[in-house]
Amino acid sequence: MALLPVRKITWYKISIVLLYFGFACLTAGMVSPYWTYGSKTTVDDTIVIHRGLWHVCHGHAGSVACASSLGDPPEWLKAVVALQCLAVVGLAFSAGFVVLLTCLWSFSRIPEVVACIASVVGFIGLLVFVGKTPKEEGTVIFHFSWSFALDLIGCVVAFVAAVIMALSNKNTPPAVKSSSQDTRDIQTVESINSEYAAHRVV
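Residues numbered from 1 in each chain as written. Predicted model: local features only at pLDDT ≥ 70, side-chain atom pairs only at ≥ 80, totals over all residues. Heavy atoms only, no water.

The name given to the protein in an unreviewed UniProt entry is MARVEL domain-containing protein, with the source organism recorded as Pomacea canaliculata. Turning to the protein, the UniProt record has this under Subcellular location (unreviewed entry): "Membrane". (UniProt positions renumbered as here; feature names shortened; annotations may be inferred.)

Okay, structure coming up:
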């Protein structure tokens with residue numbers, strides 16, 4: 001029976017922790033409404049606007065109301081949402097598959113491949129958002145905020161986790177039998193040969 005590749009268990013554990021951390025960051029960043037933030041200060045008040053993939057929030061300082069942004073979103077925003085959803089689903093699948101493999105004491109390269117693809121897909125969605133999102137609305141100038149940064153961190157960490165997992169699962173030479181095992185094998189062969197020779201003499 002073929003031996004499973006020898007795994008560098010410490011780095012493998014680190015990659016699993018990073019994978020779950022990246023998944024959590026990506027999910028939290030995707031659903032939170034702070035991808036962009038803008039404000040305008042007037043003589044009497046401060047107008048605040050912040051946006052996410054799912055909601056647009058606007059109002060005055062200390063009193064901001066959020067509404068769904070999915071009424072009639074532009075095509076590029078739909079693409080960003082789709083890419084981020086694919087990334088989250090991919091990382092969720094990878095994280096769940098890792099747990100399954102660990103419970104079954106089995107081996108597969110699928111989790112690292114899926115995690116790598118998912119992180120790249122999420123990063124592509126971020127690039128689309130950076131290239132298409134408006135930087136200003138009237139006199140309000142928008143800046144990328146913490147939700148965007150959290151999503152970016154999730155993509156980067158998940159990609160690093162996939163790389164570490166791939167390196168920790170890299171094939172190593174098969175384990176060498178111990179000298180005692182070799183001795184037992186030789187003795188077994190010699191015993192069989194002796195019995196065979198005795199039967200031939202008889």
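On we go.
(A) Structural detail: the nonpolar core. Judged by nonpolar contacts, the single largest core of 25 residues is most densely connected at Leu19, Leu53 and Leu91. Looking at this core, the elements that each hand over two or more residues are helix H1 (9-31), helix H2 (75-104), helix H3 (110-132) and helix H4 (146-168). Looking at this core element by element, the count peaks at eight residues for H2. (Core = buried A, V, L, I, M, F, W, Y, C linked by side-chain atoms within 4.5 Å. Buried < 20%, exposed > 50% of the residue type's maximum accessible area, 1.4 Å probe, protein only. Helix = DSSP H or I, 4+ residues; strand = E, 2+ residues; numbered from the N terminus.)

(B) Seen up close, the packing of aromatic side chains. Going through the model one piece at a time under the given rule, you end up with eight aromatic pairs. Members of the aromatic cluster, each reached through a chain of ring pairs, are Trp35, Trp76, Phe129, Phe144 and Phe148. (Phe/Tyr/Trp six-rings, centres within 6.5 Å; stacked < 30°, edge-to-face > 60°.)

(C) Region of the structure containing the pairing of strand E1 (residues 36-41). In terms of strand pairing, E1 meets strand E2 (residues 46-51) through six bridges, oriented antiparallel. From the neighbouring strand, threonine 41 faces E2, where its bridge partner is threonine 46. Bridge count for E1 against strand E6 (residues 140-144) is three bridges, and the pairing is antiparallel. If you follow threonine 36 over to E6, its bridge partner there is phenylalanine 144. (Pairing = 2+ DSSP bridges.)

(D) A look at the environment of isoleucine 16. The residue isoleucine 16 is located in helix H1 in this model. On the basis of relative accessible area, isoleucine 16 is assigned to the buried category, the value being 17%. With 149 residues separating them along the chain, isoleucine 16 and methionine 165 place their C-alpha atoms 7.7 Å apart.

(E) Quick look at the pairing of E2. As judged from the five bridges shared by E2 and strand E3 (residues 55-60), these two strands associate in the antiparallel manner. Note on E3: the bridge partner recorded for arginine 51 is valine 56. Between E2 and E3, which pair antiparallel and follow one another directly, the connecting turn spans three residues.

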